[in-house]
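One letter stands for each residue in the lines below.
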Amino acid sequence: LMESGLSDAAVVHIATHAVVRGSGGATTLQLAGDRGAGSPTLDTIAGTGLAADLVYLSCCEGTRRRHVGAGSADLARAFLTAGARSVVASSVRVDDHAALAMARSFTSELAAGAAPDAALRTAQLETRQADPELSHPYYWAFYRVVTAIR
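All of these numbers come straight from a predicted model, not from anything done at the bench.

Reading guide: rules and limits
- Residues numbered from 1 in each chain as written.
- Predicted model: local features only at pLDDT ≥ 70, side-chain atom pairs only at ≥ 80, totals over all residues.
- Heavy atoms only, no water.
- Helix = DSSP H or I, 4+ residues; strand = E, 2+ residues; numbered from the N terminus.
- Buried < 20%, exposed > 50% of the residue type's maximum accessible area, 1.4 Å probe, protein only.
- Areas by Shrake-Rupley, 256 points an atom, 1.4 Å probe, with all protein chains shown as cover.
- Salt bridge = Lys/Arg side-chain N within 4 Å of Asp/Glu carboxyl O.
- Pairing = 2+ DSSP bridges.

## Observations regarding the overall build of the protein
For step 1, the next point in the chain: Counting its regular elements, the protein contains 4 helices and 8 strands.
For step 2, the next point in the chain: Counted from the first residue to the last, the protein has its helices and strands arranged as β-β-β-α-β-β-β-α-β-α-α-β.
For step 3, the next point in the chain: The 150 residues of the protein split such that 41% are buried.
For step 4, the next point in the chain: Within the structure as shown, the protein displays about 7,800 Å² of accessible surface, and the carbon and sulfur contribution to it stands at 52%.

## Some words on the pattern of salt bridges
For step 1, the next point in the chain: The tally for this structure, following the rule as stated, stands at 1 salt bridge.
For step 2, the next point in the chain: Measuring nitrogen to oxygen at the nearest pair gives 2.8 Å for the salt bridge that ties Asp-53 to Arg-85. With a gap of 32 residues between them, Asp-53 in the loop between α1 (42-46) and β4 (54-58) and Arg-85 in the loop between α2 (75-82) and β7 (86-90) connect regions that are remote in the sequence.
For step 3, the next point in the chain: Judged by its relative accessible area of 34%, Asp-53 is partly exposed.

## Focus on the pairing of β7
Look at any regular strand and the pattern is simple: side chains alternate between the two faces of the sheet.
For step 1, the next point in the chain: The buried fraction of β7 amounts to 5 of the 5 residues, a majority that puts the element mostly inside the structure.
For step 2, the next point in the chain: Across the two faces of β7 the burial is the same, with Ser-86, Val-88 and Ser-90 and Val-87 and Ala-89 all buried.
For step 3, the next point in the chain: Judged from the 5 bridges that link them, β7 and strand β8 (residues 143-147) form a sheet pairing that is antiparallel. Paired with Ser-86 across the bridge in β8 is Thr-147.

Set out below in structure tokens:
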């Protein structure tokens, strides 16, 4: 993941599968074409140097907490720990069609100069209104912006 030059990117968009295996820091981010052997864990992601202003996770349960002893961990927190300023992710499983619609609208708004929270809100409204099949909150309501407190 980090060998691909993402450490210097201002915006990182990852569309993949989040695979829950083991617990806590052992949770992996399964990348396309990866059979699991080289999948980065939460701990690996958190330990990388990342200077991104924004990481957009198009994956299931990117902000879903996994219990680790007395604490908790999630993919969004791992990217914030790595140095990202904010992360957009869903807390539930995502529908591929809805995820694509959300990402297209979000990136369009972001490119036009909107802040991540405003871009996300517009993407949610557009996704809900543009396609009757995606009007139910299940398809758009569980995305959120998580920011780092520095």
